[in-house]
Amino acid sequence: MLQLLDVSDTAIGDALVASLPATLVELRLVPVPGPVHCGGVTRCATLDHVRALRVLYCINTELAPAALVVCRERGCVVFAASVLGSHTKPVFSVAAVGDGWLASGDCDGTVQMWDATRGGEATAVLEGYYGIVRALAPLPDGRRLAVGVMASDMNGGAIVVWDTRVVPPTRCDTICSAERERSDQSGSGCRVREREWS
C-alpha cells in the first residue's frame, strides 16, 4: 500500500492527482524554479478522494485554497505557503494565529498578517509602533493578537492588542509606559490603558 509519494520537481498534473490512491498518507508537490516543476497541478485539482492524507506539501502550487481547507478539515497538515516576503526589515517574531493565519513582526515596528494557505503578500499590515516587535501571542479567544513592542532605545515598550477577525484589524487595547487612560478615538469601542511598567 502506497503511503508516501514525492513527485516534487516533476511535470505531473491534475491527471496524476486524480489517480492518487485513497490510502496515501503523505504527498509532496514541491516545485523548484526551472523548466520542470509541478506547474501542471492547477486550481481544478482536488484531493477529496485521498481520505487518508495526513501531510501535504504543496508549496508554490496552484491548488485552490478551498481544496486545502477541505484537507485541513479532515486533519491533514498542509504546508502550502510560498515565501512570505514583503517585510523590508529583519523579522524578529512569528506566531501562528489560527485557521491557517500567521503574523510576523519586524524590527521597524510593523506586523503583517498572512493567509498561509495562499502565500504571497500580506493581507493586513498593523502599524503605528515605534520600536521592535519582540513578541506576538494569539489570545485564547482566537480573535485577538497581543503584540509586544520594545522601544528602539530599549527604554520602555508596549503591549498592543488587535482584533484580527475584523477587516481591517482593529487596535483594542494598549498598555505602555505612560500614566494615563483614554478612550480609543477609532470608534471601535475599545479602551486604551497606558500605565507605568514596573
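Residues numbered from 1 in each chain as written. Predicted model: local features only at pLDDT ≥ 70, side-chain atom pairs only at ≥ 80, totals over all residues. Heavy atoms only, no water.

Q: What is the right way to look at the environment of valine 133 in this model?
A: Within the secondary structure layout, valine 133 lies in strand 9 (residues 131-138). We classify valine 133 as buried; its relative accessible area is 0%. Setting aside anything within four residues of it in sequence, one finds valine 133 in contact with Phe92, Ser93, Gly105, Asp106, Gly109, Thr110, Val111, Val147, Gly148 and Val149. (Helix = DSSP H or I, 4+ residues; strand = E, 2+ residues; numbered from the N terminus. Buried < 20%, exposed > 50% of the residue type's maximum accessible area, 1.4 Å probe, protein only. Contact = heavy atoms within 4.5 Å.)

Q: What should I look at first to understand the sheet that holds strand 11 (residues 157-163) in this one?
A: Strand-to-strand pairing in sheets goes through backbone hydrogen bonds, with the strands running parallel or antiparallel. Sheet architecture is open: 4 strands sit in the order 9-10-11-12, paired in antiparallel fashion. Two strands lie at the open edges of the sheet, namely strand 9 and strand 12 (170-176), each paired on one side alone. Across the sheet, the mean angle from the axis of one strand to that of its neighbour is 20°, orientation sign disregarded. Bridge count between strand 11 and strand 12: 6 bridges; the pairing is antiparallel. Counterpart to aspartate 163 in the pairing with strand 12 is threonine 170. (Pairing = 2+ DSSP bridges. Axes fitted to C-alpha atoms, helices over the stretch in contact; angles between N-to-C directions.)

Q: How should I be thinking about the pairing of strand 5 (residues 91-98) in this particular structure?
A: It is a general feature of regular strands that their side chains alternate between the two faces of the sheet. Sheet topology places strand 5 next to strand 6 (residues 101-106); 6 bridges connect them, and they run antiparallel. Bridge pairing links alanine 95 to alanine 103 in strand 6. Where strand 5 hands over to strand 6, the hairpin turn is made up of 2 residues, of which aspartate 99 adopts a positive phi near 55°.

Q: Help me out: how do you make sense of the sheet that holds strand 5 in this one?
A: Strands sit in the order 5-6-7-8 across an open sheet of 4 strands; the sheet is antiparallel. The open sheet has two free edges, formed respectively by strand 5 and strand 8 (124-126), since each of these has just one partner strand. The average undirected angle you get between the axes of adjacent strands in this sheet is 20°.

Q: What is the right way to read the pattern of salt bridges from this model?
A: Where charged atoms from two side chains of opposite charge approach closely, those side chains can pair. Counting across every chain of the model gives 4 salt bridges. A salt bridge links aspartate 6 to arginine 28; the nearest nitrogen and oxygen atoms lie 4.0 Å apart. Of this pair, aspartate 6 sits in strand 1 (residues 4-6) while arginine 28 is found in strand 2 (residues 26-28), placing the two residues 22 residues apart along the sequence. Its relative accessible area of 45% is what places aspartate 6 among the partly exposed residues. With relative accessibility at 28%, the residue arginine 28 sits in the partly exposed group. (Salt bridge = Lys/Arg side-chain N within 4 Å of Asp/Glu carboxyl O.)

Q: Is there a simple way to think about the pairing of strand 10 (residues 144-151) in this case?
A: In terms of burial, strand 10 is largely enclosed, as 6 of its 8 residues are buried. Bridge count between strand 9 and strand 10: 7 bridges; the pairing is antiparallel. By the bridge assignment, isoleucine 132 is partnered in strand 10 with methionine 150. Linking strand 9 back to strand 10 in an antiparallel pair, the connection comprises 5 residues, with glycine 142 at a positive phi of about 75°. Taken together, the 7 bridges between strand 10 and strand 11 define a ladder with antiparallel strand orientation. Residue pairing in the sheet places arginine 144 in a bridge with aspartate 163 of strand 11. The hairpin turn running from strand 10 into strand 11, its antiparallel successor, is 5 residues long, and methionine 154 in that turn takes a positive phi close to 70°.

Q: Can you help me understand the confidence of the model for the protein in this one?
A: As a note on interpretation, predicted positions should not be read in detail where pLDDT is low. Confidence along the protein averages 78 in pLDDT terms, with 77% of residues attaining 70 or more. In this model residues 178-198 is a low-confidence stretch, pLDDT under 50, and it forms 43 contacts with partners more than four residues away in sequence or in other chains. (pLDDT = per-residue confidence, 0-100.)

Q: Would you take a moment to explain the nonpolar core for this structure?
A: Proteins that are soluble and globular tend to have nonpolar side chains buried together. By size, the foremost hydrophobic cluster in this structure holds 20 residues, and its most contacted members are Leu20, Leu27, Leu47, Leu53, Leu56 and Leu63. Counting 16 residues, the second largest nonpolar core, distinct from the first, contains Val97, Val111, Val147 and Trp162. (Core = buried A, V, L, I, M, F, W, Y, C linked by side-chain atoms within 4.5 Å.)

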